[in-house]
Amino acid sequence: DIQMTQSPASLSASLEEIVTITCQASQDIGNWLAWYQQKPGKSPQLLIYGATSLADGVPSRFSGSRSGTQYSLKISRLQVEDIGIYYCQQASSAPLTFGSGTKLEIK
Amino acid sequence: QVTLKESGPGILQPSQTLSLTCTFSGFSLSTYGMGVGWIRQPSGKGLEWLANIWWDDDKYYNPSLKNRLTISKDTSNNQAFLKITNVDTADTATYYCARIALNYGSLDYWGQGVMVTVSS
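The notes below deal with the structure included here. (Residues numbered from 1 in each chain as written. Chains lettered and ligands numbered in written order. Predicted model: local features only at pLDDT ≥ 70, side-chain atom pairs only at ≥ 80, totals over all residues. Heavy atoms only, no water.)

Take the sheet that holds strand β3 (residues 18-25) of chain B next. Residues and elements named next belong to chain B. What the four strands build is an open sheet, ordered β1-β3-β8-β7; its pairing is antiparallel. Unpaired on one side and paired on the other, β1 (3-7) and β7 (69-74) mark the two borders of the sheet. Across this sheet, the average inter-strand angle for adjacent strands is 15°, counted without regard to direction. By the bridge criterion, six bridges tie β7 to strand β8 (residues 79-84) in an arrangement that is antiparallel. For Asp74, the partnering residue across the bridge sits in β8 and is Gln79. (Pairing = 2+ DSSP bridges. Helix = DSSP H or I, 4+ residues; strand = E, 2+ residues; numbered from the N terminus. Axes fitted to C-alpha atoms, helices over the stretch in contact; angles between N-to-C directions.)

A separate point is the state of the cysteines. Summed over all chains, the structure comprises two disulfides over all chains. A disulfide bridge connects A:Cys23 with A:Cys88, and the sulfur atoms are separated by 1.8 Å. The sign of the -75° torsion about the S-S bond sets the A:Cys23-A:Cys88 disulfide as left-handed. Here A:Cys88 lies in strand β9 (residues 84-90) and A:Cys23 lies in strand β3 (residues 19-25), a separation of 65 residues in the sequence. Judged by its relative accessible area of 0%, A:Cys88 falls in the buried class. One disulfide in the model links B:Cys22 with B:Cys97; its S-S distance is 2.1 Å. Note on the B:Cys22 and B:Cys97 pair: the S-S dihedral is about 70°, so by sign convention the disulfide is right-handed. (Disulfide = S-S within 2.5 Å. Buried < 20%, exposed > 50% of the residue type's maximum accessible area, 1.4 Å probe, protein only.)

Turning next to the side chain of B:Arg99. Residue and element names in this part refer to chain B. The residue Arg99 is located in strand β9 (residues 93-100) in this model. Here Arg99 falls in the buried class, since its relative accessible area comes to 13%. A distance of 2.6 Å separates the side chain of Arg99 from the side chain of Asp108, its partner in a polar contact. Not counting the four nearest positions on each side in its chain, Arg99 is found in contact with Val2, Leu4, Phe27, Met34, Gly35, Ser106, Leu107, Asp108 and Tyr109. (Polar contact = N/O pair within 3.5 Å; in protein donor to acceptor, adjacent residues only side chain to side chain. Contact = heavy atoms within 4.5 Å.)

Spelled out as structure tokens, the structure:
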């Protein structure tokens, strides 16, 4: 199975600050990486697919990048509505696997 | 507009079989490249992928649940199903179905989830 090591587990940042979350894949997954945001009591919502492509309706302050087997999600200017838990997920091969999540709070 | 909605028994006893239904609209599971996946999330914990089914009836399962899972579909009625046999308390979770996007297999639309409790 492909392991997705996500960090940090939690993050507290100020409004307008730049936030970065990373996922390290245990083997090559190419661009088969997605990022999701889950707000309290809600279903996960797709933010980024194909490692770098913004999903429909997602604000442009979200972006994804890749360096080898390391993937990053960046929020360029943190807003109040960005609080929640963020997950990465690889879709390169079954079983599909998720990162353990990053809980983002406002400082 | 793509929507998905899960339904299930709510509560069941250990050793019973859990049957879940995902009713969707806005796409067809008979369309080339389309798929539906099932994912679960115990309260306060992370996401666990369970199974996928594709337009051509290809199926993939999470091996960690061994032979307890069966996924199927009813294309005519826009539904996908998941059965989990021999449940125990560890299967207590919110269960989601989601559409699998053509783009890199991401889960682009999710249902609201259905909570399932296994308790004696």
